[in-house]
Amino acid sequence: MCGIVGAVAQNNIVPTLLEGLHRLEYRGYDSAGIALLNGGLNRLRTTGRVAELSKLVNERQFQSKIGIAHTRWATHGAPSERNTHPHFSGGGVSKVAVVHNGIIENHEALHQRLQDAGFEFVSDTDTEVIAHLIMLNLEKAPDLLEAVCRSVAELQGAYAIAVMEETHPDRIIVSRNGAPLLLGLGEDGNYAASDVSALLQVTKRMIYLEEGDVAELRRDGYRIVSCLGAGPCKEVERAVHESKLTNEAVEMGPYAHFMQKEIFEQPGAVANTLEMVLNAHSISPRLFGSEAENIFKQTKSILILACGTSYHAGLVARYWIESVAGLTCNVEIASEYRYRDPVSQSNALVVGISQSGETADTLAALSYAKSLGHRHSLAICNVAESALVRQADLRFLTRAGPEIGVASTKAFTTQLAALMLLTMTLSKLRGKLSDERELEMIAALRHLPVALQHALQVETQVKAWAERFSQKRHALFLGRGMHYPIAMEGALKLKEISYIHAEAYPAGELKHGPLALVDKDMPVVAIAPNDALLEKLKSNLQEVHARGGELYVFADADSRIQESEGLHIIRMAEHAGLLSPILHTVPLQLLAYHVALQKGTDIDKPRNLAKSVTVE
Ligand code: M6R
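Residues numbered from 1 in each chain as written. Predicted model: local features only at pLDDT ≥ 70, side-chain atom pairs only at ≥ 80, totals over all residues. Heavy atoms only, no water.

Engineer: Talk me through the site of the ligand; I want residue IDs and the actual numbers.
Structural biologist: The local shell around the ligand holds 15 residues, among which Ser310, Ser354, Ser356, Thr359 and Glu496 are the closest. The contact in question runs from an oxygen atom of the ligand to an N or O atom on the side chain of Thr359, over 2.4 Å. A distance of 2.8 Å separates an oxygen atom of the ligand from a polar atom in the backbone of Ser408. Notes on the ligand: free accessible area 410 Å², of which the protein chains cover 91%. Those elements giving two or more residues to the shell around the ligand turn out to be helix H10 (308-325) and helix H17 (484-498). Partitioned by chemical class, the residues of the shell around the ligand number five nonpolar, eight polar and two charged. Of the residues that make up the shell around the ligand, three or more belong to each of domain 2 (260-454) and domain 3 (456-599). (Near = heavy atom within 4 Å. Polar contact = N/O pair within 3.5 Å; in protein donor to acceptor, adjacent residues only side chain to side chain. Areas by Shrake-Rupley, 256 points an atom, 1.4 Å probe, with all protein chains shown as cover. Helix = DSSP H or I, 4+ residues; strand = E, 2+ residues; numbered from the N terminus. Nonpolar A, V, L, I, M, F, W, Y, C, P; charged D, E, K, R; others polar. Domains from an automatic or database assignment.)

Structure (structure tokens):
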């Protein structure tokens, strides 16, 4: 939820740190800070955005060849300057500076112990205990790497940290456990960051640290030790990866917002995700890993675990998996599942869906499912090196490219594409997919990028609707069948970035309560594809119409539904059968985007949110 960047190089690293922070800002953006070693340890911190910090740094003309920086999403302590990272310990002979992403669960016990040992606390954060603990351990182990190793051994919870100390002015120590952190190996120095995007400006050579790793970065080298398990930390080698990402992939280009860019990238993102099947005549379980066929053959039901938008993707997949593959499919919100006592089925395949692969609740739910006896798991994820991908037995990587806007868009449609492949694979292995049907479905997938391109063309009409929506305080979203989760996704998008209260209902449920909310001030958005439920939906829309509700309907070209007073229609170019939920997502994303644009909200960084939710 926070972004970390560190650099030690031959030249001034301040611009690199600030650019890195700027690119990590999607991870949290309520305060930002930087610590530099130039003579002694100095820091600048500010509430607000990285731009504020940059201004401060430029005013003071801060320069250094070594430093760490942080952009924060507050967990412990309000977003105030004193709670902003880096946190310091010391003030006597030397000082320690720490930046941290995650939560230290035993911080209260450590706080007490360190306070008893004479350390004075000046913030409300859990992070400050790390700085004091390292300072304490430096008395016993004067080497900074060793002191950090001893300190992390005492930490419980998920974290990634970067540390500097005055008597070791040539090095940065970093460590991770449950939160992402990677090293970047440059020509003129070495770097660390929460995410590749921060370091592409200086290098493409990355090392993904493993859980329990502690690394020492110097200008001309690095070493990594693993502190996992009992016993002393051991020096380890980690593979160096050449990142294939380009700088452009993490830049906005001609778009006004990352969200807009990502909405318009969907045809390409879906095509990339489906690349392996677009030229094929049949579908292979190997798409999900070498063990997939064996595991899928033992699979008797599916359990999907996810949060937010990824959960909505799971809900759509339930309709597909049940009707096409004939398998029972349960979909659970990960944060709820992990604290229930569900009855486990060892031969249910557990599917974790996550854009980031870092979401703490999804990771914990997956581990919990395993602890309950579920034998096999599959990760559907957009980040190859993420914890989720490492944790699961099977994996399918969506190829959406980096998604920077907090509101998830292309990650969702690529997840749906992946889930359709899963559905088809399971169906085929269960003898429920004829060769002919398989070919038809592959053809539909092949057409999907073009169909998405057509779906994007409704933008001008959606913009006109957005003007009316921006005046509203509430909205209802309706759908039926596999489009009900799409209504949920549309409502989530709208509330997330425009701050308009929006709720989704299965249209048939309206008369059981929510209809009471309908009046002329309540816009009601409905998804009306030309499917078997259209006539049922039309009756539900009549119920709204009859009560003076204003209806905004996304129909298909051939949906038999007419415009009238109070009933506005935008028609999608075509009906896409089972893939219809993917297409109907697009206008809802555009609606949320344009309403937010009208309202002037911070679209890519909506208030109170962050992109990766690495805490409970
Ligand atoms: O990275 P994940 O897919 O696990 O994230 C799950 C949710 O936090 C995420 O989808 C969130 O709901 C989005 N901001 C919605 O746009």
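Still more to cover.
Engineer: Tell me what's going on with the sheet that holds strand S25 (residues 567-572), and back it up with residues and numbers.
Structural biologist: Taken in spatial order, the five strands line up as S22-S21-S23-S24-S25 in an open sheet, and their pairing is parallel. Bordering the open sheet on either side are strand S22 (501-506) and S25, each of which pairs with just one other strand. Neighbour to neighbour, the strand axes of the sheet diverge by 20° on average, direction disregarded. Note: strand S21 (residues 474-479) against strand S23 (residues 523-528), three bridges, orientation parallel. The partner of Phe477 across the bridge, within S23, is Val525. Taken strand by strand, helix H16 (residues 459-469) contacts S21, S23, strand S24 (550-556) and S25, and its axis lies near 160° from that of S24. (Pairing = 2+ DSSP bridges. Axes fitted to C-alpha atoms, helices over the stretch in contact; angles between N-to-C directions. Contact = heavy atoms within 4.5 Å.)

Engineer: I'd like a description of helix H1 (residues 14-24), backed by residues and values.
Structural biologist: Of all 11 residues in H1, eight are buried; the element is thus mostly enclosed. Within H1, burial applies to Val14, Thr16, Leu17, Leu18, Gly20, Leu21, Arg23 and Leu24. Summarising the contacts, the buried residues of H1 are in contact with strand S1 (3-9), strand S2 (31-38), helix H2 (50-60), strand S4 (66-72) and strand S10 (189-193). (Buried < 20%, exposed > 50% of the residue type's maximum accessible area, 1.4 Å probe, protein only.)

Engineer: Can you explain the packing of aromatic side chains? Please cite residues and give values.
Structural biologist: Scanning all chains against the criterion turns up seven aromatic pairs. Summarising the aromatic geometry, the rings of Trp465 and Tyr552 are spaced 5.0 Å apart at their centres and angled 75° between planes, so their arrangement reads as edge-to-face. One end of the pair, Trp465, is in helix H16; the other, Tyr552, is in strand S24, and 87 residues separate them in sequence. Neither Trp465 nor Tyr552 differs from the other in exposure class; each is buried. With centroids separated by 5.1 Å and ring planes inclined at 55°, the aromatic side chains of Trp465 and Phe554 adopt a geometry described as tilted. Of the two residues, Trp465 is situated in helix H16 and Phe554 in strand S24; the sequence distance between them amounts to 89 residues. Here a set of aromatic residues connected by ring pairs shows up, and it is made of Trp465, Phe469, Tyr552 and Phe554. Note that Arg43 overlies the ring of Phe88, its terminal NZ or CZ placed 4.1 Å from the centroid. (Phe/Tyr/Trp six-rings, centres within 6.5 Å; stacked < 30°, edge-to-face > 60°. Lys NZ or Arg CZ within 6 Å of the ring centre and 35° of its normal.)

Engineer: Any details on the domain arrangement of the protein chain? Residues and values, ideally.
Structural biologist: What the domain assignment lists for the protein chain is domain 1 (3-251), domain 2 (260-454) and domain 3 (456-599). Each of domain 1 and domain 2 has a C-alpha centre, and the two are 34 Å apart. The contact between domain 1 and domain 2 buries some 920 Å² in all, and 53% of this surface belongs to carbon and sulfur atoms. On the domain 1 side of the interface with domain 2, the three residues burying the most area are Tyr26, Tyr208 and Ala249, jointly 40% of the side's total. There are two salt bridges connecting domain 1 and domain 2. Linking Glu358 and Arg27 is a salt bridge whose minimum nitrogen-to-oxygen distance equals 3.0 Å. Taken together, the connections running from domain 1 to domain 2 amount to four residue pairs in polar contact (both at pLDDT 80 or more). Split by residue class, the side of domain 1 that touches domain 2 holds eight nonpolar, no polar and five charged. (Buried area = accessible area lost by both parts, 1.4 Å probe. Salt bridge = Lys/Arg side-chain N within 4 Å of Asp/Glu carboxyl O.)

Engineer: Run through the environment of Leu363, naming residues and quoting values.
Structural biologist: Among the structural elements, Leu363 can be located in helix H12 (residues 360-371). Through-space distance from the C-alpha of Leu363 to that of Thr614 is 9.4 Å; in sequence the pair is 251 residues apart. If we skip the residues at most four places from it in the chain, Leu363 touches Gly357, Glu358, Ala387, Leu388 and Gln391.

Engineer: Describe the sheet that holds strand S16 (residues 301-306), with residues and values.
Structural biologist: The five strands lie next to each other as S17-S16-S18-S19-S20, forming an open sheet whose pairing is parallel. The open sheet terminates on both sides in strands that have one partner only, identified here as strand S17 (328-333) and strand S20 (394-397). Strand-to-strand twist in this sheet, taken as the mean axis angle between neighbours without regard to direction, amounts to 20°. The sheet contact formed by strand S19 (residues 376-381) and S20 spans four bridges and is parallel. Looking at S20, one finds that Ile380 is bridged to Phe396. Contacting S16, S17 and strand S18 (348-354), H10 runs over the sheet at an angle of about 170° to S17.

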